[in-house]
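# Observations on the three-dimensional arrangement
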Amino acid sequence: QVQLVESGGGLVQPGGSLRLSCAASGSIDRIYPMGWYRQGPGKQRDLVATISSSGSTNYADSVKGRFTISRENAKNTVFLQMNSLKPEDTAVYYCKILFGLKAYWGQGTRVTVSS
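Here the structure is a predicted model, which means the values were calculated and not measured.

### Let's talk about the layout of surface pockets
Where empty space is left becomes clear once a probe the size of a water molecule has been rolled over the atoms. As a volume, the largest pocket reaches approximately 150 Å³. If you trace the largest pocket, you find 13 residues lining it, with Arg38, Lys43, Asp46, Ser62 and Glu88 closest to the centre. Of all the secondary-structure elements, those providing two or more residues to the lining of the largest pocket are β4 (34-39) and β5 (46-51). In terms of residue count, β5 provides more of the lining of the largest pocket than any other element does, three residues in total. Classifying every residue of the lining of the largest pocket by side-chain character gives four nonpolar, five polar and four charged.

Listed below in structure tokens is the structure:
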């Protein structure tokens, strides 16, 4: 019913920047909450940032002031601008869309922060 495709991951140096994109398609009839999550090696999948249907945002403490989530509603696309990247930001980043209580996930895009 719904498909999410992430892009923009890659290898960056500490202090660098990266912009992730997530395009949603399928049976999307309105604006739904979306978010970014990440999972490092041997760790659980944790929330990074969310954006509501009204545009309200929420961030994990570890990324506040460095990451910015935004959306282009007409194209059902959400972005994650990542600045001042740290090695601990290394993870696979996943996009999520929430239809009430039902969530759909993308395949993930890998971000590696290393010198």
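Picking up after the structure, the text goes on.
### Looking at the pattern of salt bridges
Considering all chains together, one arrives at four salt bridges under this definition. The salt bridge involving Arg38 is made with Asp89; its shortest N-O contact spans 2.9 Å. Here Asp89 lies in the loop between β8 (77-82) and β9 (91-99) and Arg38 lies in strand β4, a separation of 51 residues in the sequence. With relative accessibility at 0%, the residue Asp89 sits in the buried group.

### Quick look at the environment of Ala91
Structurally, the position occupied by Ala91 is in strand β9. Residue classification places Ala91 among the buried residues on the basis of a relative accessible area of 3%. For the pair Ala91 and Val111, spaced 20 residues apart in the sequence, the C-alpha separation amounts to 5.5 Å. With sequence-adjacent residues up to four places away left out, Ala91 is seen in contact with Arg38, Gln39, Gly40, Thr109, Arg110 and Val111.

Reading the values: the criteria
Residues numbered from 1 in each chain as written. Predicted model: local features only at pLDDT ≥ 70, side-chain atom pairs only at ≥ 80, totals over all residues. Heavy atoms only, no water. 1 Å grid on protein atoms, 1.4 Å probe; cavity = no way out; pocket = protein on both sides within 12 Å on 5 of 7 lines; lining within 4 Å. Points joined across faces, edges and corners; volume = space filled by probe spheres on them. Helix = DSSP H or I, 4+ residues; strand = E, 2+ residues; numbered from the N terminus. Nonpolar A, V, L, I, M, F, W, Y, C, P; charged D, E, K, R; others polar. Salt bridge = Lys/Arg side-chain N within 4 Å of Asp/Glu carboxyl O. Buried < 20%, exposed > 50% of the residue type's maximum accessible area, 1.4 Å probe, protein only. Contact = heavy atoms within 4.5 Å.

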